[in-house]
Amino acid sequence: MKKVLIQAAASLCVLLALTAPVLAGEIHVLAAASLKEAINELAGSFTRTHPGVRIVRSYGASGTLAKQVESGAPADIFISANEEWMSYLKQRKLISSSETLVCNTLVFAGSTGKKVTGMQDLVALGRIALGSPKSVPAGEYAMAAIRKAELAQVLAGKLVFAKDVQAGMMYAERGEVEGAFVYRSDALLGKRARIRFTVPQQFYPRVTYPMALTASTAGKDEAAAFLRYLKQPEAVSVLKKYGFSF
């Protein structure tokens, strides 16, 4: 009798396993800080049409996030603000291939009352924020523009390095600096600080955001589906709304 009951219980467990809904699980997305608002909105739209999927998002400097992927942090999708950190992971075989999600533009934003219409006007300013060039692509682009404009020595003592591009924008919003080098997408979200000028494109490399599935994502269909969704017309409209270009 006991054996019959055990067999019946085992059969019931198998039946329940076959009929229970399959939870799609979590998608871990590591993305450049400047994408935060756009990815948050797109993640919400995607999960509304994919019940059971939960998108866990981490934002920060591209270099910091790449090092996290290398260290084994949960990561299904990595979106960088430049090609350098994507290549860093490719060289370590932590991703295979990538594609460009969006592009952006470097601008100078601030709430100062001084006249600031171009790179040479920065000489008359006090503190200027930019992301740390060692890990923040926006900071690397900004330093390239400063060197191209031959202002590196003049501005050296005025530069304030932020942990990511949004932190730099926050300094400008609070008036802690007279302005900051940020992306156009970040500046459009500002309330006090506004775009004072667009940095000439010939002063820095084109800003592109490559995205890729990580090596640990093998067999995770939900992550691949979200990556495809980010290229769909609905997602493109959202990204344009936040100031990104294609």
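Here we summarise the structure given alongside this text. (Residues numbered from 1 in each chain as written. Predicted model: local features only at pLDDT ≥ 70, side-chain atom pairs only at ≥ 80, totals over all residues. Heavy atoms only, no water.)

Structural notes on helix α10 (residues 233-241)
Alright, step 1. Among the residues of α10, Ala235, Val236, Val238 and Leu239 are the ones counted as buried. One side of α10 holds all its buried residues, which, seen down the axis, span an arc of 160 degrees. Exposed side of α10, more than 90 degrees from the buried face: Pro233, Lys240 and Lys241 are the residues found there.
Alright, step 2. Gly243 lies just past α10 and shows a positive phi near 100 degrees. (Buried < 20%, exposed > 50% of the residue type's maximum accessible area, 1.4 Å probe, protein only. Helix = DSSP H or I, 4+ residues; strand = E, 2+ residues; numbered from the N terminus. Arc of directions from axis to C-beta.)

Section: the sheet that holds strand β9 (residues 194-198)
Alright, step 1. Taking strand neighbours across the sheet as the criterion, the five strands line up as β7-β6-β8-β5-β9 in an open arrangement whose pairing is mixed. With partners counted over all chains shown, the strands left at the sheet margins are β7 (159-162) and β9, one partner each. The average angle at which neighbouring strand axes cross in this sheet is 35 degrees, direction not considered.
Alright, step 2. Pairing of strand β6 (residues 128-131) with strand β8 (residues 179-183) involves two bridges; the strand directions are parallel. By the bridge assignment for β8, Ala129 is matched with Ala180.
Alright, step 3. Against the sheet, helix α5 (residues 137-148) contacts β5 (106-110), β6, β7 and β8, and its axis sits at roughly 115 degrees relative to β8.
Alright, step 4. Contacting β5, β6, β7 and β8, helix α7 (residues 165-174) crosses the sheet at an angle of about 145 degrees to β8. (Pairing = 2+ DSSP bridges. Axes fitted to C-alpha atoms, helices over the stretch in contact; angles between N-to-C directions. Contact = heavy atoms within 4.5 Å.)

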